[in-house]
Amino acid sequence: MPWLDGFRGSKPVRIGNLAAKQFQLDVYGEVMDSMYLAARMGVPRNPRAWGLQKHLMRFLEEHWVEPDEGIWEVRGPAALHPLQGDGLGCGRQGGSVG
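Residues numbered from 1 in each chain as written. Predicted model: local features only at pLDDT ≥ 70, side-chain atom pairs only at ≥ 80, totals over all residues. Heavy atoms only, no water.

### Here we look at the nonpolar core
Leu-25, Met-32, Leu-56, Met-57 and Leu-60 together form the largest nonpolar core, which totals 5 residues. Considering every element that reaches this core, the biggest residue donor is helix α2 (residues 47-63), with 3 residues. Ignoring sequence-local partners within four residues, the contact set of Leu-56 consists of Tyr-28, Val-31 and Met-32. (Core = buried A, V, L, I, M, F, W, Y, C linked by side-chain atoms within 4.5 Å. Buried < 20%, exposed > 50% of the residue type's maximum accessible area, 1.4 Å probe, protein only. Helix = DSSP H or I, 4+ residues; strand = E, 2+ residues; numbered from the N terminus. Contact = heavy atoms within 4.5 Å.)

### Focus on the packing of helix α1 (residues 26-40) against α2
Axis separation between α1 and α2 bottoms out at 11 Å; the angle between their running directions is 150°. For the element pair α1 / α2, the angle class is roughly antiparallel. The interaxial crossing formed by α1 with α2 has left-handed handedness. Contacts between α1 and α2 involve Tyr-28, Val-31, Met-32 and Met-35 on the former and, on the latter, Ala-49, Leu-52, Gln-53, Leu-56, Met-57, Phe-59 and Leu-60. Of the residues that constitute the contact of α1 with α2, the class distribution is 10 nonpolar, 1 polar and no charged. (Axes fitted to C-alpha atoms, helices over the stretch in contact; angles between N-to-C directions. Parallel < 35°, antiparallel > 145°, perpendicular 65-115°, else oblique. Left-handed = near helix turned anticlockwise from the far one by under 90°. Nonpolar A, V, L, I, M, F, W, Y, C, P; charged D, E, K, R; others polar.)

### A look at unusual backbone geometry
Glycine aside, the phi torsion of most residues is negative, and most peptide linkages are trans. Despite not being glycine, Arg-8 shows a phi value in the positive range, around 55°. Here Arg-8 is to be found in the segment before α1.

### Let's talk about the environment of Ala-19
By secondary structure assignment, the location of Ala-19 is in the segment before α1. With relative accessibility at 24%, the residue Ala-19 sits in the partly exposed group. Between the C-alpha atoms of Ala-19 and Glu-69, which are 50 residues apart in sequence, the distance is 8.6 Å.

Okay, here's the thing in structure tokens:
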């Protein structure tokens, strides 16, 4: 949309984003963090939740070293983002045991 000015005159103005087509590891950590916080706040544990957490951890174990687009959804090549949400997910996994 070249005829529009974006925030503070930034260009080009785009509609939507490419997040649906991007590989973003941080999402896995955010899901696990939400499950951890729900348990800490007293939400009853679902028996299938533990299986989901184990599945997410297996995925992170296999893919955490792969380049991804990260939480910033940049429109360039994928890169390594070692200190993002996937690390949070691993930490929350350990806190969820029991």
